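# Notes for the structure review
Below are the chains, spelled out letter by letter.
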Amino acid sequence: MARRALLFKGPDGTGNALMPIRELAGIKTLRIIAMFVTALLLWAVPHAQAAPNHMRASLIAEGPAQPGGTVTLALLMQPEAGWHGYWSNPGDAGYGLTLDWALPNGASTGAMQFPVPQTLVIQGLMNHVYEHDYAVLVPLKLPADATPGTLLPISVKAQWLVCTNEICVPERAELQGTVTVGSGAGDKRFEGWRATMPAPLDRPGTFAVTGQTLRLALPFPASAPLDAPHLFLKTERIIDYAAAQRFFRNGDTLVVEVPMAKSPAPAEKIEGVLAMGKDAGGIAFASARGAVPEGGDEVGGEGTFTAATLAFALFGAFLGGLILNVMPCVFPILSLKALALARGNSHNARSEGLAYTAGVVLACLLLGGVMLALRAGGEQVGWAFQLQEPGVVAVLLLLAVAITANFAGLYELPGLSVERGAGHSGAFGTGLLAAFVATPCTGPFMAAAMGAALVLPTWAALGVFAALGVGLALPFLLIGFVPALRRLLPKPGKWMERFRRIMAIPMALTAAGLLWLASRLGGEVFAAVLLALAIVLVIALWRVGQVQRGGRSTLRWMAPAAAVMIALAAIGAPRLASTEVVPEEDMLGSVPFDEKVLADARANYMPIFLYFTADWCLSCKVNEKAAIETSTVDAAFRLRGVMVMKGDWTRRDPKITRFLASHGAAGVPLYLWYPNGGGEPRQLPQVLTKDMLVELVGE
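Computed from a predicted model, the values in this text were never measured in an experiment. (Residues numbered from 1 in each chain as written. Predicted model: local features only at pLDDT ≥ 70, side-chain atom pairs only at ≥ 80, totals over all residues. Heavy atoms only, no water.)

### Focus: a nonpolar patch on the surface
On the surface, a cluster of nonpolar side chains totalling about 390 Å² of accessible area is made up of Leu 531, Ile 535, Ile 539 and Trp 542. The exposure class of Leu 531 is partly exposed, given its relative accessible area of 41%. (Patch = residues over 30% accessible without salt bridge, like charges linked within 9 Å, V, L, I, M, F, W, Y side chains within 5 Å. Areas by Shrake-Rupley, 256 points an atom, 1.4 Å probe, with all protein chains shown as cover. Salt bridge = Lys/Arg side-chain N within 4 Å of Asp/Glu carboxyl O. Buried < 20%, exposed > 50% of the residue type's maximum accessible area, 1.4 Å probe, protein only.)

So, in structure tokens, the structure goes:
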């Protein structure tokens, strides 16, 4: 898997102090390392040659003030595009603003006042940042003996950390200013800056710790709107910043539940800011230990959901699972099992239908559960994550080869026999197999459902994965329970064996596709080793078929032999996989996905077509060949100067995973159109046509 690096650049801009840090998603020690390195670099700043700052800082006084009075100062921070600064508590990584004032005798400053911050998750680490211009306000009290009409000089040595998603640079500036003693008009910009500050609550809140969860109660009117809240704690080392937060309304009290940090610091008072959603501002609060009410209605926020969201996700997953039945790797298995059911009695048909459904649903639950567990541990993974692992692709390839050999008549696998099934165990195993090989793509309806599952509570998300399994198993289940459907199937005969041989063709194509995927994922050597293993497997299965036709049992030694082959494929072969990414050229001359390049193009108001794909995604490849990579679309895009950006998710890429999740998708494909002249992106359907893409250019 490709590694990213978080780089701390030296103040001279030369890169002499570059410090690579491997991916440490979810590991809180990164913050300690980052702060230590930053402190060393900040100490070295005065001794290094100055370099242009990526954050422009200005010191501004609101206006004149009387002797002994108070005036507000503003440190206006203006980051370059693509860079961000930090709140007073930076989160899992980063470094806040520090000030060293030089003031006239008798003058003093108060605490810094920060605007409501934003969240930014990088490599599973939660950062509290500002990705736009912002002002930090500081009250200044003038000396009581100041002479009216004079100018009081003030200066401050400011130090801060400014970052992109890839590098962080410690910066400093010595800012100068004056304050007039007397009266006069104030700077009107301060009205706007004050509006960005959180409004203080007039009453304190309470907090309690239940198990590993911090529960916080804040006075909050039941009639006040609350769209997408987020809790920022000014008190450090209390909560897990990146964990999902839950919000409940209990009358005029808002209850917040957040998982605690692994080693929380003791606290008798907790302060922070409740952000109330996009452009809705926030409130500043202080809370002490006390009673926190139970119950309440859950409201929007991270990890929360509505009944409509859950219903949409369940229905989308069900339809997506139903569509998976026509995939070339699933349809042959389903059709042969259906023919086998048609030969059995009504009782066996129903019980085998239930066993098959149980296998499918269990496989979907296992895959979904593993994905949720990995994400909870800080891994940036999405649906079909297993196909980004060379070992899993190797096992799938051998499975496809084994099924192809079975369909071709080289040997008989009881669970896929047309003449007879293997009872409940065979149907259950076939269900597991069908679900496992059907998950590479997120077709129509399914991607949005899987994306919704990422923001649902665990129990609801598992319900979505179960609905996917029910949709996938429904045709076989109906055949088992509806005799009329079984009677519609052709009567048994010799044609069934010929049909079985024909079904070997799509399974062989599936195996060939997996071999090509192996070459893309792990390189030519990896693919060659898998091809050799596949040939050995075919020879071995041909020998098994000879033994079976001789009337002898093969069960005693087939299981150990299969275990050896799986171990070689899953553990041995991936050691030969290359980590080098080989870019694939396309007709449209697309550029690789890069959030900074995307931001720059949007800043220049360029039309952009951004699409995310993977070599293992069948629906992605169909769209590319039928609609995207066509001469018609290429000509239209070139005529209008459309930038085409491609996110290849064949290998695991945390950047792409995060971007997909931010647009409500757990997998590929995802198609976005950024119109000419700016504006929010438009998410396109998952089934594209040439005319649809050409029409976008003309809008």
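Next comes the rest of the description.
### Notes on the confidence of the model for the protein chain
Chain-level pLDDT for the protein chain is 81 on average; 81% of the residues reach the 70-or-more range. Long-range and interchain partners of residues 36–49, a stretch whose pLDDT sits below 50, account for 21 contacts in this model, where long-range means more than four residues apart. (pLDDT = per-residue confidence, 0-100. Contact = heavy atoms within 4.5 Å.)

### Quick notes on helix α14 (residues 595–603)
Residues spaced three or four apart along an α-helix point in a common direction, a consequence of the helix completing one turn every 3.6 residues. The opening residue of α14 is Asp 594, an N-cap whose side-chain oxygen sits 2.9 Å from the backbone nitrogen of Lys 596. Tyr 605 occupies a position one or two residues after α14 and carries a positive phi of about 60 degrees. (Polar contact = N/O pair within 3.5 Å; in protein donor to acceptor, adjacent residues only side chain to side chain. Helix = DSSP H or I, 4+ residues; strand = E, 2+ residues; numbered from the N terminus.)

### A closer look at helix α3 (residues 307–323)
End to end, α3 covers 24 Å across 17 residues, agreeing with the expected 24 Å (1.5 Å per residue, within 8%). Every buried residue of α3 is accounted for by Leu 310, Ala 313, Gly 316, Ala 317, Leu 319, Gly 320 and Gly 321. (Expected span 1.5 Å × (residues − 1).)

### Structural notes on the side chain of Arg 500
As for its placement among the helices and strands, Arg 500 is situated in helix α11 (residues 495–522). Among the polar contacts listed, one links the side chain of Arg 500 to the backbone oxygen of Tyr 411, at a separation of 3.3 Å.

### Notes on the pattern of salt bridges
A full pass over the atoms with the stated rule returns 12 salt bridges. Residue Asp 187 pairs with Arg 189 through a salt bridge whose shortest N-O separation is 2.8 Å. When its relative accessible area of 21% is taken as the criterion, Asp 187 is described as partly exposed. With a closest N to O distance of 3.5 Å, Glu 268 and Arg 289 form a salt bridge. Note that Glu 268 is positioned in the loop between β17 (253–259) and β18 (269–275) and Arg 289 in strand β19 (residues 282–289), a separation of 21 residues in sequence. Relative accessible area serves as the criterion here: at 58%, Glu 268 is assigned to the exposed category.

### Concerning the sheet that holds strand β8 (residues 125–130)
Here three strands make up an open sheet; going across it, the order is β4-β8-β7 and the pairing antiparallel. Edge positions in the open sheet fall to β4 (85–91) and β7 (118–122), since each of these has one partner strand only. Pairwise comparison of adjacent strand axes, ignoring direction, gives a mean angle of 45 degrees for this sheet. With five bridges joining them, β7 and β8 adopt antiparallel strand pairing. Among the inter-strand pairings, Thr 119 is bridged to a residue of β8, identified as His 128. (Pairing = 2+ DSSP bridges. Axes fitted to C-alpha atoms, helices over the stretch in contact; angles between N-to-C directions.)

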